[in-house]
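Coordinate analysis (summary)
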Amino acid sequence: MPKFLHTADWQMGRAFTRFETEDGAALVEARFEAIETLAQLANEHQCDAVLVAGDVFDAQTVSDRTIRRVFNATKAFAGPWVMLPGNHDAALAESVWTRAQRLGAIPENVHLALQPGVINLQQQRLSILCAPLTQRHTYGDLTEPFSGYDTPEGCLRIGLAHGSVQGLLPDEIDSTNPIAPDRAEASRLDYLALGDWHGTKQIDERTWYSGTPEPERFRNNEAGNALLVEISDPGATPSVTQLPTGRYQWHQWRQTLAVQSDLEQLLERLGALPESAVVDLRLDGSITLAGEETLLEALSVAEARFRSLRCERSGLQLAPTDEDIAALKADGYLGEVVESLREQQEGAQDDAARDALAILAGLLREREQEVGQ
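Residues numbered from 1 in each chain as written. Predicted model: local features only at pLDDT ≥ 70, side-chain atom pairs only at ≥ 80, totals over all residues. Heavy atoms only, no water.

It is worth spelling out the sheet that holds strand 15 (residues 249–257) at this point. Spatial strand order, 15-16-17: 3 strands in an open sheet with parallel pairing. Two strands in the sheet have a free side with no partner beyond their single neighbour: strand 15 and strand 17 (308–318). For this sheet, the mean inter-axis angle between neighbouring strands, taken without regard to orientation, is 5°. With 9 bridges joining them, strand 15 and strand 16 (residues 277–287) adopt parallel strand pairing. Across the sheet, residue Leu 257 finds its bridge partner in strand 16, namely Gly 285. Each of strand 15 and strand 16 is contacted by helix 5 (residues 260–272), which is oriented at about 175° to strand 15, the strand it contacts most. In the packing of helix 6 (residues 289–305) onto the sheet, the strands contacted are strand 16 and strand 17, and the crossing angle to strand 17 comes to about 170°. (Pairing = 2+ DSSP bridges. Helix = DSSP H or I, 4+ residues; strand = E, 2+ residues; numbered from the N terminus. Axes fitted to C-alpha atoms, helices over the stretch in contact; angles between N-to-C directions. Contact = heavy atoms within 4.5 Å.)

Written out as structure tokens, the structure is:
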């Protein structure tokens, strides 16, 4: 029974500049580890081939080192790899692929689908019908010629393409690089392996997006997988198994704090996340000074535990209670300043007043601690 691994959208060479340097470097390294994981899975499941449905590279301008590292990472699986250019690494006359060829970086078992046509892996009983992008954007269906491609008798007809299945993906997806939703049926394909949508998604029983093997954004779309595809004979229904490959889990949420239970719920949710989490958190609403102190302590602990944590608190007002003010022991002039800052940041959403109040409260707490010692 022919068996292969379907993957796509590696986006090698992507930079994570929005993160701290250490975190960005770890996220980059995880993408190389994902290729090694794919090779390991191909061996474990005794796959006949690995098919990569476009966007191996994030840009044409990636470094030579990145190119060499990508192909070095594939070496653990000695079977055939078939790599298709996508919109980020289109097969231009001069491209990342032609550079890889000049560097001599491409192993003999890696087949580059730089031209439309069929790559026959007859020993594996696989015929790969390829629709590479030769420019970043096209407006015609490059998979249409599949219907006219002849393949050897007894070989599975496997389509390999990168683009947007028309009418079935969310509205915000680019309308360029269109693919007909009935392509598998119209072109007598046993399976159509797609890339471009970064999450695992089934279109029909023979058509799937594998998604990227390592998540790289906060969209909740089932990223971080590869697909193990088994087909007994031409015409048989594929058996598709989703295999986890991602190292880091990306979480993004917004939360409004109003009462103590909201803060408790937030801290409980943070505590339940794994150490591999990449977290983007935005808070609004209001919080007491005591709650702010608790929150900052929890965020400090989480920053050290997670791969990355970014928390935007500019929309979160400080709302000191009478108990908060009393605990600060801000008598006389200091008490007047605290009250003035509280009124300013409540009345005009004044970030400066909020920050000043937080700093002053922190200094007063430190003073109390020193006195207590």
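The next subject is unusual backbone geometry. If you check the backbone angles, Asp 55 has positive phi at about 55° while not being a glycine. The residue Asp 55 is located in the loop between strand 2 (49–52) and helix 2 (64–73) in this model. Although it is not a glycine, Arg 188 adopts a positive phi angle of roughly 55°. Its place among the elements puts Arg 188 in the loop between helix 4 (183–186) and strand 10 (191–195). Using a relative accessible area of 47% as the deciding quantity, one classes Arg 188 as partly exposed. (Buried < 20%, exposed > 50% of the residue type's maximum accessible area, 1.4 Å probe, protein only.)

Leu 5, Trp 10, Phe 57, Phe 71, Trp 81, Met 83 and Trp 97 are the most contacted members of the largest nonpolar core, which has 33 residues in total. The dominant element in this core, judged by the number of residues it contributes, is helix 1 (residues 21–44), at 6 residues. Dropping the residues within four chain positions of it, Trp 81 is found in contact with Trp 10, Ile 35, Leu 38, Ala 39, Val 50, Val 52, Thr 74, Asn 109, Val 110 and His 111. If you look at the next biggest cluster of nonpolar residues, it comprises 23 residues, including Ala 49, Leu 121, Cys 130 and Val 229. (Core = buried A, V, L, I, M, F, W, Y, C linked by side-chain atoms within 4.5 Å.)

In total, this model carries 13 salt bridges according to the counting rule given. A salt bridge links Arg 247 to Glu 33, with the shortest nitrogen-to-oxygen separation between them at 2.9 Å. You can see Arg 247 sitting in the loop between strand 14 (239–244) and strand 15 and its partner Glu 33 sitting in helix 1, a full 214 residues away along the chain. A relative accessible area of 27% places Glu 33 in the partly exposed class. (Salt bridge = Lys/Arg side-chain N within 4 Å of Asp/Glu carboxyl O.)

Here Glu 323 lies in helix 7 (residues 322–328). Taking the relative accessible area as the measure of exposure, Glu 323 reaches 59% and is therefore exposed. For the pair Glu 323 and Leu 289, spaced 34 residues apart in sequence, the C-alpha separation works out to 9.4 Å.

Before going further, it helps to examine the packing of aromatic side chains. Counted according to the given criterion, the structure contains 10 aromatic pairs. When the ring of Phe 19 is compared with that of Trp 250, the centres are 5.6 Å apart and the planes differ by 85°; the resulting orientation is edge-to-face. Separated by 231 residues along the polypeptide, Phe 19 in the loop between strand 1 (3–7) and helix 1 and Trp 250 in strand 15 bring together distant segments of the chain. Judged by relative accessible area, Phe 19 falls into the buried class, the value being 8%. What makes Trp 250 buried here is its relative accessible area of 11%. Ring geometry for Phe 57 against Trp 97: centres 5.4 Å apart, planes inclined by 75°, an arrangement best described as edge-to-face. (Phe/Tyr/Trp six-rings, centres within 6.5 Å; stacked < 30°, edge-to-face > 60°.)

Moving on to helix 1. In this model helix 1 runs 34 Å from its N-terminal to its C-terminal C-alpha over 24 residues, within 8% of the 34 Å that 1.5 Å per residue would give. The first or second residue beyond helix 1 is Gln 46, which carries a positive phi of 50°. (Expected span 1.5 Å × (residues − 1).)

This paragraph deals with the sheet that holds strand 12 (residues 207–209). Pairing is mixed across the open sheet formed by 6 strands, whose spatial order is 5-6-7-10-12-11. Pairing within the sheet leaves two strands with one partner each, and these edge strands are strand 5 (117–121) and strand 11 (201–204). Across the sheet, the mean angle separating the axes of adjacent strands is 20° when strand polarity is ignored. The pairing of strand 5 with strand 6 (residues 126–131) spans 5 bridges and is classified as antiparallel. Bridging across to strand 6, Leu 121 finds its partner in Leu 126.

Time to look at the packing of helix 1 against helix 2. At a minimum axis distance of 8 Å, the contact between helix 1 and helix 2 shows a crossing angle of 25°. The pairing of helix 1 with helix 2 is recorded here as roughly parallel in orientation. Only Thr 66, Arg 69, Val 70 and Ala 73 of helix 2 make contact with helix 1, whose side of the interface consists of Glu 29, Phe 32, Ile 35, Glu 36 and Ala 39. Residues of the contact of helix 1 with helix 2, tallied by class, amount to 5 nonpolar, 1 polar and 3 charged. (Parallel < 35°, antiparallel > 145°, perpendicular 65-115°, else oblique. Nonpolar A, V, L, I, M, F, W, Y, C, P; charged D, E, K, R; others polar.)

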